[in-house]
Every structure is written in C-alpha cells, then in structure tokens.
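Coordinate analysis (summary)
Each chain, letter by letter, is given below.
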Amino acid sequence: MTLPQGALVLFSGGQDSTTCVAWALSRYAKVETIGFDYGQRHAIELTVRPSLLRKMRALSSDWDSRLGNDHMIDLSLLAKISDTALTQNVEIAMQDNGLPNTFVPGRNLLFMTVAATVAYRRGLDALVGGMCETDFSGYPDCRNDTMQSLQATLNLGMASRFRIDTPLMWIDKAATWDMAHGLGGQPLVDLIRTDTHTCYLGERGALHDWGYGCGKCPACELRARGYRKFTQQARPPAGSGQPPAAA
Ligand code: ZN
C-alpha cells in the first residue's frame, strides 16, 4: 500500500539511510532524497550516493518511476563551528560526557530543519531519517523524543503538517538488514553490502561479507555484528522478497 503523499529521505549513502529510501518507496507515491556535505573527513559517503540511487532505480521500474530529485546541500559551516572526530583528523574516543567524539552537536537537528525547508518548497510532507535509539552510540539527536519534539517545532515554526518518520528507531542492525531484505530481497541486500558506506575511517580496501570497511571502528563493528546475526536468522527462501517489478 502506498500513501498518496511524498517523502524526503535524509540519504547519506550509508546502510541505514539506503534502507530508509527503500522503506519510503514502499509507502510514498513520490520520494526525493537529500544529502549534506558538512566537511566529513572522508567524502566516500558522498561519492557513493549517486551510483547507489542509480542502482536502486535499476532494481525496480516501480522505484525508478517514483524516485525523484536528489538534493545535495552544502553545510560546510558545520565543520567550521564544531570540533568532532567526524570532521577533524583525530582519534575516535569516548568523551567525559559519555558521548563519543564522533558526535556532532546539533547535526541531526540542523539536517532535519534544512530538509524541512527543502520539503516545504517541494511539497513533500514526510521527512524520513535513519535515526535509531537501539544500538548506536547514544547520540541524543537520534532519540525518538528529540525527533518528536523537532516535528512539533518544525510544524509550529513553518505552519506545516510535516511528519518525521524514523523506521529504524526501535530496531537493531540485524533487523535493518532484514528490513532491506523484506523491501528489496537479496538484490537490495547485496547492493547495500557492496555499495553503501558506513566506516568512520573511510576504509574501502577489502570487501567483507558485510561490506567494505576497516572492520574495527564502532560503525564497522556494529554493521558486521548485525550482518552476522541477520545471516544466521531463518527467513523465507531467496526470491520471495523482490523489489516490485512494475509501476
Ligand atoms: Zn570502519
């Protein structure tokens, strides 16, 4: 079942946001994507985005017909005003406040707010993000309360009726792989394995069963552990969950 509205998906080129694009395509008549260049240490995420979208279109003519514009926004000011391991060349470590130094204060608040501004102009009423409380590093701007509060704020501030969808909020990485399998079958799982990028260190040398990455940073460990759990779970035989073939 597809709702008649349109969605704007925060799409970074990682596993989670790619799954969110497929999720939005299973629900919304029209889906656009938005990405942010914020001075990431490794621009690999940004370079995999266009080919990922192209390959998703190739998986399904239905997806191809409903996937619209991709918006790339320059938010390089974020690197200038913050000091974190994602934008500076420093070791990933835990900070005294219990948050890893990969935390970029306000990042998701800024992303969602900019996305809402673009969605307003494009007439899209859902904002879809891969925020997750279940097994990430406890980033406070990934929390459900934060997103619900932001939804209320955006709607008050823009006199709008946006909904923020966070389909991964309560599931773990294994369930995220499983969701991708349910939405696009093995072809989508394979595309996510080989074409998405999650590694904090920007490593793309060796292809592991769970994809490319250093295998040691927190993002790689989470992704690898989730993939292992996913592959150990029983599921319907391959071919039962294919992307929709026709519009
Ligand atoms: Zn890594």
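Residues numbered from 1 in each chain as written. Predicted model: local features only at pLDDT ≥ 70, side-chain atom pairs only at ≥ 80, totals over all residues. Heavy atoms only, no water.

What to know about the overall build of the chain
For the chain, the count of helices and strands is eight helices and seven strands. With 247 residues in all, the chain has 51% of them scored as buried. Put simply, 70% of the contacts in the chain that link residues at least 6 apart link residues at least 24 apart. Taken as a whole, the chain presents about 11100 Å² of accessible surface, with 53% of it coming from carbon and sulfur. (Helix = DSSP H or I, 4+ residues; strand = E, 2+ residues; numbered from the N terminus. Buried < 20%, exposed > 50% of the residue type's maximum accessible area, 1.4 Å probe, protein only. Contact = heavy atoms within 4.5 Å. Areas by Shrake-Rupley, 256 points an atom, 1.4 Å probe, with all protein chains shown as cover.)

A look at the confidence of the model for the chain
Per-residue pLDDT for the chain has a mean of 88; in total, 85% of the residues score no lower than 70. Within the chain, strand β4 (residues 126-128) carries the highest mean pLDDT (98), whereas helix α4 (residues 77-81) carries the lowest (83). (pLDDT = per-residue confidence, 0-100.)

Focus on the packing of helix α1 (residues 15-25) against helix α7 (residues 173-195)
It is the contact of α1 with α7, at a shortest axis distance of 10 Å, that shows an interaxial angle of 70°. Overall, the two elements α1 and α7 adopt an arrangement that is roughly perpendicular. In this structure, α1 contributes Gln15, Asp16, Thr18, Thr19, Ala22 and Trp23 to the contact, and α7 contributes Lys173, Thr176, Trp177, Met179, Ala180, Leu183, Leu188 and Ile192. The class makeup of the residues in the contact of α1 with α7 is eight nonpolar, four polar and two charged. (Axes fitted to C-alpha atoms, helices over the stretch in contact; angles between N-to-C directions. Parallel < 35°, antiparallel > 145°, perpendicular 65-115°, else oblique. Nonpolar A, V, L, I, M, F, W, Y, C, P; charged D, E, K, R; others polar.)

Notes on the coordination of the zinc ion
Looking at the metal site, the zinc ion is ligated by Cys199 (SG), Cys214 (SG), Cys217 (SG) and Cys220 (SG), spaced 2.3 to 2.4 Å from it. Each of the four donor atoms bound to the zinc ion contributes to angles spanning 106 to 117°, and the resulting shape is tetrahedral. Counting gaps between the donor residues of the zinc ion yields the pattern C-x14-C-x2-C-x2-C. Taken as a pair, Cys199 in the loop between α7 and β6 (207-208) and Cys220 in helix α8 (residues 218-232) lie far apart in primary sequence, 21 residues in all. For the pair Cys199 and Cys220, a shared accessibility class is recorded, and that class is buried. (Donors = N, O, S within 2.8 Å, 3.2 Å for Na, K, Ca; no water. Tetrahedral: all angles 85-135°; square planar, octahedral: opposite > 155°, others 65-115°.)

Focus on the packing of aromatic side chains
With the rule as written, the count across this model stands at six aromatic pairs. An aromatic cluster of at least three residues, connected via ring pairs, comprises Phe36, Tyr38 and Phe111. (Phe/Tyr/Trp six-rings, centres within 6.5 Å; stacked < 30°, edge-to-face > 60°.)

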